[in-house]
Amino acid sequence: MSHDDRKTPEALSRLTDSQFHVTQRDGTEPALHNEYRSMFETSDTISTEEHPS
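What you see is a predicted model; the values in this text were computed from it and never measured.

Draft legend 1. Region of the structure containing the overall build of the protein chain. Scanning the protein chain from N- to C-terminus turns up two helices and zero strands. A buried classification covers 4% of the 53 residues belonging to the protein chain. Summed over all atoms, the accessible surface of the protein chain reaches about 5500 Å², with 51% contributed by carbon and sulfur.

Draft legend 2. Quick peek at the pattern of salt bridges. Applying the stated criterion to the full structure yields one salt bridge. Notably, a salt bridge pairs E10 with R14, separated by 3.2 Å at the nearest N-O pair. Here E10 and R14 have matching classes, each one exposed.

Draft legend 3. View of the environment of E29. With respect to the secondary-structure elements, E29 resides in the segment after α2 (17-24). Sequence-wise, E29 and S18 are 11 residues apart; in three dimensions their C-alpha atoms are separated by 7.3 Å. Setting aside residues up to four positions removed in sequence, E29 forms contacts with V22 and N34.

Draft legend 4. Spatial organisation of unusual backbone geometry. The phi torsion at D26 lies on the positive side, around 55°, for a residue other than glycine. Looking at the secondary structure, you find D26 in the segment after α2.

Rules used throughout
- Residues numbered from 1 in each chain as written.
- Predicted model: local features only at pLDDT ≥ 70, side-chain atom pairs only at ≥ 80, totals over all residues.
- Heavy atoms only, no water.
- Helix = DSSP H or I, 4+ residues; strand = E, 2+ residues; numbered from the N terminus.
- Buried < 20%, exposed > 50% of the residue type's maximum accessible area, 1.4 Å probe, protein only.
- Areas by Shrake-Rupley, 256 points an atom, 1.4 Å probe, with all protein chains shown as cover.
- Salt bridge = Lys/Arg side-chain N within 4 Å of Asp/Glu carboxyl O.
- Contact = heavy atoms within 4.5 Å.

Structural data, given as structure tokens:
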């Protein structure tokens with residue numbers, strides 16, 4: 001399977017506003033508020049006992 005990664009108007013039109021901002025305008029996603037957040041632990045803190053410095 002080949003991937004066509006050219007920056008065409010059609011390809012750019014498929015991006016969400018957030019994807020366009022990040023990929024085309026050197027933007028960043030807000031921390032903890034992106035579409036992949038649910039793939040990871042829901043805990044917002046890390047115990048120092050589990051992860052010593």
